[in-house]
Amino acid sequence: MADLSEVPLGDLMKELQRRLECTNKPKKHLILIGPPGCGKGTQSPIIKNEHCLCHLATGDMLRAAVASQTKLGVEAKKAMEAGALAKKAMEAGALVSDEIVVGLIKEALERPECSRGFILDGFPRTLEQARKLDNMLNSKGAGIDAVLDFDVPDSLLVERVTGRWIHPASGRSYHSRFAPPKVPGRDDVTGEPLVQRKDDNADTLKNRLKAFHAQTKPVIDYYRSKVVKLEAERAPEAVSKQIREALSKIKHLDD
């Protein structure tokens with residue numbers, strides 16, 4: 001049990017109030033779909049906090065399961081190839097069976113932090129995965145309430161992604177146009193050099209976008225009645241407003 005003796009009383013009361021408010025929040029099971037650079041990473045924490053949801057990213061779940069050596073984690077590790085391919089599978093779930101990923105999601109639903117629902121990011125990627133996810137949720141009397149489709153023109157995504165710069169030690173990110181560092185090529189805090197991810201180049205991104213559109217179109221078509229298309233090229237505040245308006249109209253299956 002965590003030692004709360006050093007936590008200020010005011011902070012404890014705020015957390016208690018937050019948890020009480022969460023009990024009155026309607027349940028929501030959401031899927032986020034969008035290509036690299038679409039803004040999901042910006043909006044996910046906002047949705048999570050405002051609706052008391054847990055954020056389920058398949059890559060994170062796989063890494064956690066393997067690290068904790070759960071039954072599904074052991075199965076996932078066996079499914080991965082050694083070396084670089086194993087690392088790739090850990091990040092993308094590419095070499096892990098759909099059944100394992102769906103099983104991890106099913107386990108997550110039992111956790112207290114997922115009691116009001118979830119944000120599912122990175123899954124399903126294919127029509128078959130969507131069907132398996134729905135079968136699992138239906139067996140628990142649940143279902144997907146909305147699919148947020150982060151729509152951004154490919155040309156803008158190329159500009160967003162190829163302009164990204166990272167400070168490796170801290171994870172601070174910059175953009176040569178939209179959020180430039182004070183000194184070009186240098187971290188604002190430490191002054192250390194910034195780097196670009198090797199995949200943050202136009203050719204790689206265009207290939208990823210082509211694969212993304214081909215793979216996810218059937219998923220979007222499958223969930224057509226639940227899809228909320230977001231104008232995700234707009235400013236983050238405007239995208240948040242679109243999401244709030246859309247989610248306010250959702251009636252969860254259990255409500």
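What you see as residue numbers is a count from 1 along each chain, following the sequence as written. This being a predicted model, a pLDDT of at least 70 is required before a residue's local features are given, and a value of 80 or more before pairs of side-chain atoms are given or counted; all residues contribute to the totals for chains, interfaces and linings. Side-chain metrics in this entry use all non-hydrogen atoms of the structure; hydrogen atoms and water are not considered.

> Sorry if this is basic, but what is going on with the state of the cysteines here?
Disulfide: a covalent bond formed between the sulfur atoms of two cysteine residues. Disulfides are defined as cysteine sulfur pairs within 2.5 Å. For the coordinates displayed, the defined rule picks out 2 disulfides. Paired through a disulfide, cysteine 22 and cysteine 52 show a sulfur-sulfur distance of 1.9 Å. What sets the handedness of the cysteine 22 and cysteine 52 disulfide is the S-S torsion sign, and at about -75° it is left-handed. Of this pair, cysteine 22 sits in helix 1 (residues 9-23) while cysteine 52 sits in the loop between helix 2 (40-51) and strand 2 (54-57), and the two are 30 residues apart along the sequence. Pair check on accessibility: cysteine 22 and cysteine 52 agree, each one buried. Sulfur-sulfur distance for the disulfide between cysteine 54 and cysteine 114 comes to 2.1 Å. Note on the cysteine 54 and cysteine 114 pair: the S-S dihedral is about 110°, so by sign convention the disulfide is right-handed. With cysteine 54 in strand 2 and cysteine 114 in the loop between helix 6 (98-108) and strand 3 (117-121), the pair connects residues that are 60 residues apart, well separated along the chain. Strands are runs of DSSP state E lasting at least two residues, helices are runs of H or I lasting at least four, and both sets are numbered from the N terminus onward. Each residue is placed in one exposure class: buried if its accessible area under a 1.4 Å probe, protein chains only, is under 20% of its type's maximum, exposed if it is over 50%, and partly exposed if it falls in between.

> Just to check I follow, could you spell out the sheet that holds strand 2 for this structure?
Picture the strands of a sheet paired through backbone hydrogen bonds; they go either parallel or antiparallel. Read across the sheet, 5 strands follow the order 2-3-1-4-7 without closing on themselves; strand pairing throughout is parallel. The two strands at the open ends of the sheet, each matched to only one other strand, are strand 2 and strand 7 (227-231). Strand after strand, the sheet turns through a mean of 25° between neighbouring axes, direction not considered. Strands strand 1 (28-33), strand 4 (146-151) and strand 7 of the sheet are contacted by helix 10 (residues 236-247), whose axis makes an angle of about 160° with strand 7. Two strands are counted as paired when DSSP detects at least two bridges linking them. Helix axes are fitted to C-alpha atoms over the stretch in contact, other axes to C-alpha atoms as well, and angles between N-to-C directions run from 0 to 180 degrees. Only heavy atoms enter the contact rule, under which two residues are in contact if any of them lie within 4.5 Å.

> Explanation requested: unusual backbone geometry in the structure shown.
Cis geometry marks the peptide bond from phenylalanine 123 to proline 124; its omega dihedral reads 5°. Topologically, proline 124 is positioned in the loop between strand 3 and helix 7 (127-139). The phi dihedral of cysteine 52 is positive, around 60°, even though this residue is not glycine. When its relative accessible area of 10% is taken as the criterion, cysteine 52 is described as buried.

From the geometry alone we can't say anything about function, so treat these as descriptive.
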